[in-house]
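Here is what each chain is made of, one letter per residue.
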Amino acid sequence: MERIGIVGRGLAGLRVASELRAGGYENQIITWDSDPYPPYDRPALSKKMFGEYNHPLSADGLGDFTELGADSVPHPATRAWSEEGKWFVLSQNGVSEPLDVLVIATGSAPRAVIPGARVLYDVDDAEALRAAIKPGARIHIVGAGWIGTEIASAAAHQGAEVEMWEVTPSVLSRTFAGAVDDLWLSWMREAGVKVNLDSPYSGDRTGRDLLIQATGVQADVAFLDGGARSPHGSLVANLSGEVLEAESPTSAVVPGLYATGDCCDILLPNGQWRWGGHWTQALADAQRTVSAILELPRASQLDAPEVFSTQFGHEIGLVGEVPAGTSPTVEQTGESTIYRWMDHSGNLVALLGIDAPREVSRARKALRHKL
Ligand SMILES: Cc1cc2nc3c(=O)[nH]c(=O)nc-3n(C[C@H](O)[C@H](O)[C@H](O)COP(=O)(O)OP(=O)(O)OC[C@H]3O[C@@H](n4cnc5c(N)ncnc54)[C@H](O)[C@@H]3O)c2cc1C
């Protein structure tokens, strides 16, 4: 292989480049992205909004494109297609030279549909929010998911007046379907955050200084010709990161095309989905993808999906996927609160730890499984 292309210079793209070099690949790596900053940690944008919000991934030893000797095109890919066994990428710089392998790592960007609303996805967004969130500022947030609640926490801590609107009857409803409302709503009340559940946004322009929309994300893959799309509109890949054919999304793969990180959902061998959108998955999946590209032995274990968050003075960790229609058991010990969801045989399927790092780490090990 003479030339490998990576579209997207976020966590997943950076890890792919690092793993390629670690795996002994010495030829050209070429990358595309319009984000002007060296790759940074997106979770810090909301969790450390008023601290070190622009935290470079290189500071955590996760790689540095310059040191890795990768070529960087400072523009987005506007089209990618294959011809006679090679891949090509079109950007403002023109068409790339023929690529032997193309890796899509374009992540998922927020959906912004309310006119005048701001979102939080990159460093520039975080800077704009920091400038506007001041003591006494009236902040309206649409969407009480992970990012909406983290922004609410940071803004309330700064002394802003925060009001939220959520169209479903629950906070974090996509993850917990109402199971944690009592706890979260009590934190929000204490912090002075007003929450309107079951309520589409109805705030008026005169009653606010800043409107933030945090209602979900969409994979950025429209520029790519080929490959299957999941029910969420993301690319469909297998556990090796190979993108599946659109016509036969259960078996055949598109030659030379890989996807990793938030831009893809993984179709497992048992026909179940492993949805994208998790930092830990973007970190780990790059290694399996590169093993497939370089034909190296693949990791033999698969971690359960994981979410971590910092809100209202609490460290939160969720491991596993909360099953629909099952109530958790709740255990309170000292400062920690632990929610456990079990299957019909009494096996743990998901654990939410509030200020309970040891339990979260135990659950991570328990829910890891062999491939
Ligand atoms: C504010 C915030 C808080 C978060 N908090 C958490 C958390 O607590 N826990 C957690 O698990 N996850 C969290 N996430 C999600 C986490 O950041 C992602 O899972 C992780 O960044 C995925 O990495 P990625 O490289 O796949 O995508 P991204 O980090 O989104 O990087 C994708 C890159 O692709 C580029 N790109 C897009 N389209 C194109 C194109 N056409 N051409 C070239 N480049 C393109 C983008 O500019 C971007 O730089 C958070 C995300 C945000 C925004």
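As the structure is a prediction and not an experimental result, all values here were calculated from the model. Here, residues in each chain are numbered from 1, in the same order as that chain's written sequence. It should be noted that, the model being predicted, local features are given only for residues of pLDDT at least 70 and side-chain atom pairs only at 80 or more, the latter also being counted only at that level, while totals for whole chains, interfaces and linings use all residues. In computing side-chain values, all of the structure's heavy atoms are included and hydrogens and water are not.

Colleague: Can you walk me through the layout of surface pockets in this structure?
Modeller: Rolled over the atoms, a probe as big as a water molecule pinpoints where empty space is left. As a volume, the second largest pocket reaches approximately 420 Å³. Along the walls of the second largest pocket sit 15 residues, with Gln272, Ala304, Pro305, Glu321 and His369 positioned nearest its centre. Helix and strand labels come from DSSP, where a helix needs a run of H or I of at least four residues and a strand needs a run of E of at least two; each type is numbered from the N terminus. Among the secondary structure elements, those contributing two or more residues to the lining of the second largest pocket are strand E18 (273-274), strand E24 (348-354) and helix H8 (357-367). Each residue is assigned to one of three groups, with Ala, Val, Leu, Ile, Met, Phe, Trp, Tyr, Cys and Pro labelled nonpolar, Asp, Glu, Lys and Arg labelled charged, and all others, Gly among them, labelled polar. A class-by-class count of the residues in the lining of the second largest pocket yields nine nonpolar, three polar and three charged. Grid points spaced at 1 Å and placed over the protein atoms alone form the basis of the search, with a cavity being a set where a 1.4 Å probe fits but cannot get out and a pocket an open set showing protein on both sides within 12 Å along at least five of seven lines. Lining residues have an atom within 4 Å of a point. Grid points are joined across faces, edges and corners, and a volume is the space filled by probe spheres set on the points.

Colleague: Hey, could you run me through the pattern of salt bridges in this one?
Modeller: Should their charged atoms come close, side chains of opposite charge can pair. Throughout this description, the term salt bridge denotes a Lys or Arg side-chain nitrogen within 4 Å of a carboxyl oxygen of Asp or Glu. Applying the stated criterion across every chain yields a total of 14 salt bridges. For Arg138, the salt bridge is made with Asp209, and the minimal N-O distance between the two is 3.0 Å. Placement of the pair is Arg138 in strand E9 (residues 138-142) and Asp209 in the loop between strand E11 (194-196) and strand E12 (210-213), with a sequence separation of 71 residues. Categorising residues by exposure relies on relative accessible area from a 1.4 Å probe, with only protein chains included: less than 20% of the type maximum marks a residue as buried, more than 50% marks it as exposed, and the intermediate range marks it as partly exposed. Look at Arg138 and you get partly exposed, because its relative accessible area is 31%. Given the relative accessible area of 46%, Asp209 is considered partly exposed. Asp285 is paired through a salt bridge with Arg288; the nearest N and O atoms lie 2.7 Å apart. Here Asp285 and its partner Arg288 are both found in helix H7 (residues 279-294), three residues apart, which amounts to about one turn of the helix. For the residue pair Asp285 and Arg288, the accessibility class agrees, reading buried in each case. Three or more residues joined by partner-sharing salt bridges are found here, namely Glu331, Arg340, Glu359 and Arg362.

Colleague: Help me out: how do you make sense of the sheet that holds strand E22 (residues 329-333) in this one?
Modeller: What links the strands of a sheet is backbone hydrogen bonding, and the strands pair in either a parallel or an antiparallel sense. Across the sheet, which stays open at both edges, the five strands sit in the order E20-E21-E24-E23-E22 with antiparallel pairing between neighbours. Every interior strand has two partners, whereas the edge strands, strand E20 (306-311) and E22, have only one. Sheet twist, expressed as the average angle between the axes of neighbouring strands with direction ignored, equals 15°. Criterion used throughout: strands pair if DSSP finds at least two bridges between them. Sheet topology note: the strand E23 (residues 336-342)/E24 ladder contains six bridges and is antiparallel. Think of each axis as a best-fit line through the C-alpha atoms, taken over the contacting stretch in the case of a helix, with angles from 0 to 180 degrees between the N-to-C directions.

Colleague: I'm lost on the sheet that holds E12 in this one. Help?
Modeller: Read from one edge to the other, the open sheet built from four strands follows the order E11-E10-E9-E12, with strand pairing classed as parallel. In this open sheet, the two edge strands, each paired with only one partner strand, are E11 and E12. The mean angle between the axes of side-by-side strands here comes to 20°, regardless of whether they run parallel or antiparallel. Relative to strand E10 (residues 161-165), E9 runs parallel, the two being bridged by five bridges. From the neighbouring strand, His140 faces E10, where its bridge partner is Glu163. Contacts from helix H4 (residues 146-157) reach E9, E10 and E12 within the one sheet, and its direction differs from that of E10 by about 165°. Between two residues, a contact is recorded if the distance between any of their heavy atoms is within 4.5 Å.

Colleague: What is the right way to look at the site of the ligand in this model?
Modeller: Proximity is defined per residue: if any heavy atom of the residue lies within 4 Å of a molecule or strand, that residue is considered near it. Among the 29 residues in the neighbourhood of the ligand, the closest are listed as Asp33, Lys47, Tyr121, Asp220 and Phe308. Here an oxygen atom of the ligand and a side-chain polar atom of Lys47 are 2.5 Å apart. We define a polar contact as two N or O atoms separated by no more than 3.5 Å, with the added condition that, inside protein, one atom must be a possible hydrogen donor and the other a possible acceptor, whereas residues neighbouring each other in sequence contribute only through side-chain atom pairs. In the environment of the ligand, a nitrogen atom lies 2.6 Å from a nitrogen or oxygen atom belonging to the side chain of Asp220. Using the Shrake-Rupley algorithm and a 1.4 Å probe, accessible areas are obtained, with residue cover drawn only from the displayed protein chains. Burial of the ligand by the protein amounts to 92% of the accessible area it has alone, namely 1000 Å². Looking at the shell around the ligand, the elements that each hand over two or more residues are helix H1 (11-22), helix H2 (42-47), H7 and E20. A per-element tally of the shell around the ligand places H2 first, with four residues. Residues from two domains meet in the shell around the ligand; each of domain 1 (3-108 + 218-300) and domain 2 (112-213) gives at least three. Here the limits of each domain have been adopted from an automatic or database domain assignment.

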